[in-house]
Amino acid sequence: MRVGLFRRIGSYVLDAIPIFFLLSLLFTLFIGEILKPDNYDVLYEEYQAINEDYTERIGVYETQFENGEITEEEFYEQYDNHMEYFALNTREHVQEIFRYLINTIFYYLVSFNLIYFLYSGFTKGNTLGRRMAKIELQGNINWWTLFVREVIWKFGYWMLLGIIGGILLDIAMISLSAKKRAPREIVTGLTVQYVGVQYPF
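So, how was this worked out
Residues numbered from 1 in each chain as written. Predicted model: local features only at pLDDT ≥ 70, side-chain atom pairs only at ≥ 80, totals over all residues. Heavy atoms only, no water. Phe/Tyr/Trp six-rings, centres within 6.5 Å; stacked < 30°, edge-to-face > 60°. Helix = DSSP H or I, 4+ residues; strand = E, 2+ residues; numbered from the N terminus. Buried < 20%, exposed > 50% of the residue type's maximum accessible area, 1.4 Å probe, protein only. Lys NZ or Arg CZ within 6 Å of the ring centre and 35° of its normal. Patch = residues over 30% accessible without salt bridge, like charges linked within 9 Å, V, L, I, M, F, W, Y side chains within 5 Å. Areas by Shrake-Rupley, 256 points an atom, 1.4 Å probe, with all protein chains shown as cover. Salt bridge = Lys/Arg side-chain N within 4 Å of Asp/Glu carboxyl O. Lys, Arg positive; Asp, Glu negative; His and termini not counted. Charge placed at Lys NZ, Arg CZ, Asp CG, Glu CD.

K.L.:
Pulling in residues and values, what's your account of the packing of aromatic side chains?
P.N.:
Under the definition given, this model contains 20 aromatic pairs. An angle of 85° between the planes, with centres 5.3 Å apart, marks the rings of Phe122 and Trp143 as edge-to-face. In this pair, Phe122 is assigned in helix H4 (residues 91–122) and Trp143 in helix H6 (residues 143–161), connecting sequence segments 21 residues apart. What makes Trp143 partly exposed here is its relative accessible area of 37%. Aromatic ring contacts, followed pair by pair, group Tyr12, Phe20, Phe27, Tyr40, Tyr44, Tyr100, Tyr107, Tyr108, Phe112 and Tyr116 into a single cluster. A cation over an aromatic ring shows up here: Arg57 above the ring of Tyr54, its NZ or CZ 5.4 Å from the ring centre.

Now the structure itself:
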């Protein structure tokens, strides 16, 4: 029996939760500090202080505008000037904060897919999530076919199409095709089958 979309999603979520918990624990303990750019903590505190200062200044102009002490044109002139100076004063801070964000996203994406691939390999594709959902990966299961399925065609083409685009293509293929097969299953010849009790109604 072919497996539908929601059972697949359920099994994947069951597998993903403990992996993300482990990655989050490692990130909190020491990975986060390793990924931080030099002087990140100092720059972040400076950014927060500058942001609070500019927010207070703009708040003063908002109060003056609401009380009719300055015109709308004067308010927006002051606002634009402050935002221009804010952007100049925080340019380095924003660059480092953004770099840390990219490093963090890269860590989670790469680490998750590496762990999930190894986990799938050691369990021959029958992970705890699949067993709990009563589904099974069938076909010529080996390290290469799992690498193609889990890394190249799940992670790789999701990145190529954009995560949302890749997920939507998977959903469309599984939901609308007669055999309910995602592109990675067509390429590798691996299929996901239901192994629970099948009732005739």
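K.L.:
Got a sec to walk through a negative patch on the surface? Specific residues and values, please.
P.N.:
A surface patch of like charges, here negative, comprises Glu73, Glu74, Glu77, Asp80 and Glu84. Inspection of the secondary structure puts Glu74 in helix H3 (residues 72–89). Given a relative accessible area of 38%, Glu74 falls into the partly exposed group.

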